[in-house]
Amino acid sequence: MASRRNPLSWAACLVVLAFVSVYPAPTPAANGAFERLYREALEARTAGDFETAIARLEEVVALQPDDVDALLLLGTLYGFERRFEEALAALERGLSLAPSYTDIRLAMARIKAWQGEFDSASQIVEAVLAEQPDNLEALIQRARLAYYQDQLGRAEAAFGEVLKRQPENSEALVGLGDAKWAQGEYAEARAYYRRAAAAQPDAPEAAERLRRKPPRDFAWRLDTTGSYSAFSRQPRKPWRELFQQVSYRASLATTVHGRVELSKRFDQFDAYLQGGVDHRLSKWLSGYAYAGGTPSPDFRERWAVMGGGTVRLWPGKEIVGATVVTLDAKEANYLSGDVTTVKPGVQQYFLAGRLWLTGQWINTIDESDNHLQGWLGRIDAQVIDRVRVFGGLAEAPETSENVTLGTSSIFGGLVVDLSQLVSVRLDYAREDRERSFVRETVTLSVSLRF
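Residues numbered from 1 in each chain as written. Predicted model: local features only at pLDDT ≥ 70, side-chain atom pairs only at ≥ 80, totals over all residues. Heavy atoms only, no water.

Chemist: Hey, could you run me through the overall build of the chain in this one?
Modeler: Secondary structure assignment for the chain yields 12 helices and 14 strands. The C-alpha atoms of the chain give 31 Å as radius of gyration, which overshoots the globular expectation for 450 residues (22 Å, by more than 25%). Principal axes of the C-alpha set define a box for the chain whose edges measure 100 × 55 × 45 Å. Evaluated residue by residue, the chain yields a buried proportion of 38% over its 450 residues. A separation of at least 24 residues holds for 44% of the contacts in the chain among residues at least 6 apart in sequence. Of the roughly 24,700 Å² of accessible surface on the chain, a fraction of 58% belongs to carbon and sulfur atoms. (Helix = DSSP H or I, 4+ residues; strand = E, 2+ residues; numbered from the N terminus. Rg over C-alpha atoms; globule rule 2.2 N^0.38 Å. Buried < 20%, exposed > 50% of the residue type's maximum accessible area, 1.4 Å probe, protein only. Contact = heavy atoms within 4.5 Å. Areas by Shrake-Rupley, 256 points an atom, 1.4 Å probe, with all protein chains shown as cover.)

Structure below.
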């Protein structure tokens, strides 16, 4: 039976035939130029001169636009230079010419992973593995995707699958070393890097990692803070307060602390004691729990418990960075009654984490069981590597001297890292407490790591 074809298909075939009949075949000179440019591109790539390699490959593709291998190499090199849109365009062109070319599909997955599009990259990798379960490159990419997302257990298992098939695969050995390094297991990581270097002596990745030194381990931190508050609108004596906190990092994920807050307010003195733990469950989830109390209090809380945490919704990119949801909760018992505060919030990072905005919705059940609401907005900027500035506004209920009242606040300050061991912080805040005083506070803090 004769096949039924769309007339447009026949027309397209005729156009193609006409094009082929008039388009001249490549001349020997053109072939010679193609081979020379391709050879120069490969030599430049081997030498690490990606800029020259890309320029030569662009000329190669101009001579032979349908050369799939040239498009694959060009797309990969664009990716190395972080020219991601151009990389994907070249690879998509190659895939349209060779839809079953596995190397192009995996190169596209690699580019998407570098862009932070992990779900899209995983879909490509899993589709390849469904067709080719023993494809080592796809298995390595599966492991790397787990590593990029801080799923370190999954990454180790996936790299292990590669080593079952090829025990001295240097890329898998480096990957296992990276997973161990991320968990602070530096000796185990270096053992994997040495195996990788022995398996492939000319590969630079293992040698580069063997030159890395573990970060200096400052397990202890002492924070000392002193503040002075002056008052207006109502005549009151200044407040003087001193805070001391010692923290110990028990592991890369867990830190415990003890804290003493000494406060002299209106000729009365209270000492608040607190202990707590912060724990990072994964790269995207962390939490904390604190508890404290004041022996024989005059104005501080008798006891308090606090808890909360953060959830990173997505890792972000260079311009628009990570989005983090926060939650802080506190239950405190004062001489006047219980006060409960719950503060959901969000942090949005920009410019590779050098600028971020924080917003909180503040909800308080005061000592008289009234539900009071407020908000806080804050901006932080890492202006240079060792200097961070911040500022913000708040309209929220605050408990002071056993009474909760609405307070308008403006605050700001800066943090300076003098060295790896010492940081200094200076804060200023102005609080306008409704039907009460205006308080201006200057706070100086010094942090020592050891």
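Chemist: What is the right way to read the packing of aromatic side chains from this model?
Modeler: By convention here, two paired aromatic rings are described through the distance between centres and the angle between planes. For the structure on display, the rule yields 16 aromatic pairs. Here W181 and Y193 contribute two aromatic rings whose centre-to-centre distance is 6.4 Å and whose plane-to-plane angle is 40°, an arrangement assigned as tilted. Linking W181 in helix α10 (residues 170–182) with Y193 in helix α11 (residues 186–199), this pair joins segments that are 12 residues apart in sequence. The class for W181 is buried, based on a relative accessible area of 13%. Owing to a relative accessible area of 0%, Y193 belongs among the buried residues under this scheme. Between W220 and Y248 the ring centres are 4.6 Å apart and the planes differ by 45°, which places this aromatic pair in the tilted class. Here Y248 lies in strand β2 (residues 239–249) and W220 lies in strand β1 (residues 220–232), a separation of 28 residues in the sequence. (Phe/Tyr/Trp six-rings, centres within 6.5 Å; stacked < 30°, edge-to-face > 60°.)

Chemist: What is the right way to look at the environment of L74 in this model?
Modeler: Structurally, L74 is set in helix α4 (residues 68–80). Note on L74: relative accessible area 5%, which makes it buried. Those residues in contact with L74, other than ones at most four positions away along the chain, are I54, L57, E58 and V61.

Chemist: Teacher, can you tell me more about unusual backbone geometry here?
Modeler: Note: most peptide bonds trans; most residues except glycine with negative phi. Positive phi outside glycine occurs at R233, with the angle close to 70°. In this fold, R233 is placed in the loop between β1 and β2. Although it is not a glycine, L351 adopts a positive phi angle of roughly 55°. Among the structural elements, L351 can be located in the loop between β8 (337–350) and β9 (355–365). A relative accessible area of 46% places L351 in the partly exposed class.

Chemist: Would you mind going over α10 with me for this structure?
Modeler: Given 3.6 residues per helical turn, the α-helix brings residues three or four places apart onto the same face. With 13 residues, α10 should cover 18 Å at 1.5 Å per step; its first-to-last C-alpha distance of 18 Å lies within 8% of that length. For α10, the buried fraction is high: 11 of the 13 residues fall into the buried class. Along α10, the residues classified as buried are S170, A172, L173, V174, G175, L176, G177, D178, A179, K180 and W181. Residues of α10 that are buried sit in contact with α8 (136–148), α9 (152–165), α11 and α12 (204–210). Between a side-chain oxygen at the N-terminus of α10 and the backbone nitrogen of E171 the separation is 3.1 Å; the capping residue is N169. Downstream of α10 by one or two residues, G184 has phi in the positive range, about 80°. (Expected span 1.5 Å × (residues − 1). Polar contact = N/O pair within 3.5 Å; in protein donor to acceptor, adjacent residues only side chain to side chain.)

Chemist: What exactly am I supposed to notice about the nonpolar core here?
Modeler: Side chains of a nonpolar character, in soluble globular proteins, are inclined to be buried together. Formed by 57 residues in total, the largest nonpolar core has its most connected members in L91, V125 and F159. Take this core: its biggest share by element is 8 residues, from α4. If we ignore the near neighbours within four places in the chain, the residues touching F159 are I140, A143, R144, E171, A172, G175 and L176. By size, the runner-up hydrophobic cluster in this structure holds 8 residues, among which are Y272, Y288, M306 and Y334. (Core = buried A, V, L, I, M, F, W, Y, C linked by side-chain atoms within 4.5 Å.)

Chemist: Would you take a moment to explain the packing of α9 against α10 for this structure?
Modeler: Angle between the axes and distance between the axes: these two values describe a pair of packed helices. Their axes nearest at 9 Å, the elements α9 and α10 cross at an angle of 160°. Compared by their axis directions, α9 and α10 come out roughly antiparallel. Judged by the sense of rotation from one axis to the other, the crossing of α9 with α10 is left-handed. Residues L152, E156, F159, V162 and L163 of α9 form the contact with α10, whose participating residues are E171, A172, L173, G175, L176, A179, K180 and A182. Residues that form the contact of α9 with α10 fall into these classes: 9 nonpolar, 1 polar and 3 charged. (Axes fitted to C-alpha atoms, helices over the stretch in contact; angles between N-to-C directions. Parallel < 35°, antiparallel > 145°, perpendicular 65-115°, else oblique. Left-handed = near helix turned anticlockwise from the far one by under 90°. Nonpolar A, V, L, I, M, F, W, Y, C, P; charged D, E, K, R; others polar.)

Chemist: How should the side chain of E241 be read in this particular structure?
Modeler: Inspection of the secondary structure puts E241 in strand β2. For E241, the side chain forms a polar contact with the side chain of R265, separated by 2.9 Å. Setting aside anything within four residues of it in sequence, one finds E241 in contact with T225, G226, S227, L262, S263, K264, R265 and R439.

Chemist: Explain the pairing of strand β12 (residues 403–417) to me, please; I cannot follow it from the model alone.
Modeler: Looking along a regular strand, one sees the side chains alternate between the two faces of the sheet. Judged from the 14 bridges that link them, strand β11 (residues 387–400) and β12 form a sheet pairing that is antiparallel. Of the residues in β12, the one forming a bridge with P397 is G406. Counting the residues that bridge the hairpin from β11 to β12 gives 2 residues, and of these E401 lies at a positive phi of roughly 55°. One ladder, built from 11 bridges, connects β12 with strand β13 (residues 422–433); its direction is antiparallel. Following the sheet pairing, G413 is matched in β13 by D427. (Pairing = 2+ DSSP bridges.)

Chemist: How should I be thinking about the environment of L210 in this particular structure?
Modeler: Its place among the elements puts L210 in helix α12. Overall, L210 belongs to the partly exposed group, its relative accessible area being 22%. Spatially, the C-alpha atoms of L210 and Y192 are 9.7 Å apart, while their sequence positions differ by 18 residues. Those residues in contact with L210 that sit more than four places away from it in its chain are R190, Y193, R194 and A197.

Chemist: Where do I start with the environment of T76 in this structure?
Modeler: Relative to the helices and strands, T76 is located in helix α4. Judged by its relative accessible area of 17%, T76 is buried. C-alpha of T76 to C-alpha of I111: the two residues are 35 residues apart in sequence and 7.9 Å apart in space.

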